[in-house]
Amino acid sequence: MIRLDVFSWRFLRVWRRNLVVYQKIWKVNFLTPLFEPLFYILAFGLGFSGLIGGVHYGAKELSYTAFIAPALIATAVMWNAFFETTYGSFVRMYYQKTFDGMLATPLSLEEIIVAEIFWSATKSVGAATIMLAVLGVLGFVALPSGLVLIPVALIGGLAFGAIGMFFTGVTPTIDMFNLPIFLFITPMFLFSGTFFPVSNLPGWVQPAALAFPLYHLAELSRRFSIGTSETAPIISLVYLILFFLFFTFLALAAMRRRLIQ
Amino acid sequence: MEKILQVDKLIKQFNGLKAVDELSFSVEKGEFFGLLGPNGAGKTTTIRMLYGFLPPTAGSLQVFGMDITNDWRRIKFRTGVCHQDNTLDPDLSVEQNLLVYAGYYSIPPKEARERSAELLEFFALTHKSKAKVMELSGGMARRLILARSLINRPELLILDEPTTGLDPQSRHQVWEKLEALKATGLTVLLTTHYMEEATRLCDRLVIVDHGKVLVEGSPQSLIDRHAGKNIVEIEGPDQALKDFVRANGIEHDDLDDRLILYVPEGQDFDNTIREQYCSDKCTYRSSTLEDVFLRLTGRELRE
């Protein structure tokens, strides 16, 4: 069904287009990952930690702030990639007709879609890197082991970018993105071991949490920031890669059906 | 002559409906070729197949002697497309639109800058090169889309309704630019709803309807063949006139409240009509491509 000659390195040209656009607005976009972790650390760390005390996680006793700090990187990766390939890509595809313009050139639809997913992951990497610096300085992320999170953010970004692109391929109007956000992203944000360990959940819910890609990204983030996790990193890594490949395949099929009859 | 484009028994089906039905035509090198037809005739579908956006259901579509299904990328390297919709990138400036687009064709940055400066100059947009696309007028945006479609120095330029929605000044400016491009020997495929535009620009054209070619020829030969030399339009014709026209075998179209008479070259217009039936409601004019178009595709509304 999918032909191989539609894939080439030419997708980097589309990636580069998004970079050129981003260079105009990076000064504003740069502030979010810089300040967001600080707000969370302040709110949850200072405000909450008095109520909660310590968290037992992966055979370690952690302060609540130390527990959530690495997960903030994972959620930032998720938001950045998912928003880019849903709202961002939808606007380019539907309102700006950017893809139509590109399709008249030697680019294939597949290259455009793959480039959009990689671009979303690039934004995730950028956000994760800035947050890494902030949290590293504050002592919540161990360095240099924390630097591993940069390539991990790429893989996580690809996974969330791919599923976002899939939703873009099947969503009739831009307002309908509320649905996957409400039904998928929000529960994932809350129940992926981000704000409390999954092991605190009732036994029957735990497998559902393990299916969330954010759970595995948060696991990897903790493994390389604080040196402990519930799940073996290799399992989380393989899960995210498979998730990325699976949803990229679905996204390509959905976009092809949507744009090319 | 070298064939740049060869369409042979092309079929495109959407959910069992044939949008393009065994369409055949060809375009030779250096030709300015028109693809005309009412809405829903299959023009845009054909164009979209031409630039590899839609896969044909059956038939063959060859550009530069290569098949679109297999050699789509090589064909697209050598083709320029000026879209009907504004597909300019609103996130980029005027100049960046050209430079980024050049990137899609792997044109090196230095060369891209040279070409974009040339094209902006040619389309009188140099003063706007740093402007945002949103700030351009309709005519300027259209010229920029044209400039962008030439960034890869195409051997075939596809123009999909290039002057739709433009004011007369902008339209004439676009026509002048297109004539200048034509003079360089560029092969062009044009679709338009403006018969004046097709008459002025096209060396040869086809009129298609229901996915099939109705007629093919130069604008003038089509007018001669299908709409005579001159035309008389008579408003509110009475039955006596209609009977007279029929009895004398005058080529005509009867639209009930309007009678259109086609008068071939070299034939004098019947004086009886002039004297007996035309008091103040007759219009005498030359035949145009629009008459041909309406005669062949009918006058009822489409869609």
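Whatever comes next refers back to the structure up there.
A short tour of the structure in this document, coming up. Source: prediction; values computed, not measured.

Focus: the nonpolar core
- Counting 165 residues, the largest nonpolar core has A:Phe99, B:Leu5, B:Phe25, B:Leu144, B:Leu159, B:Leu189 and B:Leu289 as the members making the most contacts within it.
- When residues of this core are assigned to their parent elements, the largest contribution, 14 residues, is made by helix H3 (residues 64-95) of chain A.
- Looking at which domains feed residues into this core, each of domain 1 (3-223) and domain 2 (229-286) of chain B gives three or more.
- When near neighbours in sequence (up to four residues on either side) are disregarded, B:Phe25 contacts B:Leu5, B:Gln6, B:Val7, B:Phe33, B:Leu35, B:Thr46, B:Leu189 and B:Val206.
- The next biggest cluster of nonpolar side chains, apart from the first, holds 13 residues, and it includes B:Leu261, B:Tyr277, B:Cys278 and B:Cys282.

Considering unusual backbone geometry
- Residue A:Leu143 is joined to A:Pro144 through a cis peptide bond whose omega torsion reads 10°.
- Within the secondary structure, A:Pro144 sits in the loop between helix H5 (109-137) and helix H6 (149-170).
- Despite not being glycine, B:Lys9 shows a phi value in the positive range, around 50°.
- Here B:Lys9 lies in strand S1 (residues 3-14).
- Residue classification places B:Lys9 among the exposed residues on the basis of a relative accessible area of 51%.
- Even without glycine at this site, B:Glu22 takes up a positive phi of about 55°.
- Position of B:Glu22 relative to the elements: it lies in strand S2 (residues 17-28).

Focus on the sheet that holds S2(B)
- An order of S2-S1-S4-S5 (chain B) is seen for the four strands of this open sheet, with the pairing classed as antiparallel. Strands with a single pairing partner mark the edges of an open sheet, and in this sheet they are S2 and strand S5 (66-67) of chain B.

Section: the packing of H3(A) against helix H7 (residues 178-191) of chain A
All names here are of chain A.
- The geometry of H3 relative to H7 is characterised by a closest axis approach of 12 Å and an angle of 170° between their N-to-C directions. One element, H3, and the other, H7, form an angle in the roughly antiparallel class. Of the residues in H7, those in contact with Thr 75, Met 78, Trp 79, Phe 82, Phe 83 and Tyr 87 of H3 are Asn 178, Pro 180, Ile 181, Ile 185, Met 188 and Phe 189.
- Class assignment of the residues belonging to the contact of H3 with H7 gives a composition of ten nonpolar, two polar and no charged.

Reading guide: rules and limits
Residues numbered from 1 in each chain as written. Chains lettered and ligands numbered in written order. Predicted model: local features only at pLDDT ≥ 70, side-chain atom pairs only at ≥ 80, totals over all residues. Heavy atoms only, no water. Core = buried A, V, L, I, M, F, W, Y, C linked by side-chain atoms within 4.5 Å. Buried < 20%, exposed > 50% of the residue type's maximum accessible area, 1.4 Å probe, protein only. Helix = DSSP H or I, 4+ residues; strand = E, 2+ residues; numbered from the N terminus. Domains from an automatic or database assignment. Contact = heavy atoms within 4.5 Å. Pairing = 2+ DSSP bridges. Axes fitted to C-alpha atoms, helices over the stretch in contact; angles between N-to-C directions. Parallel < 35°, antiparallel > 145°, perpendicular 65-115°, else oblique. Nonpolar A, V, L, I, M, F, W, Y, C, P; charged D, E, K, R; others polar.

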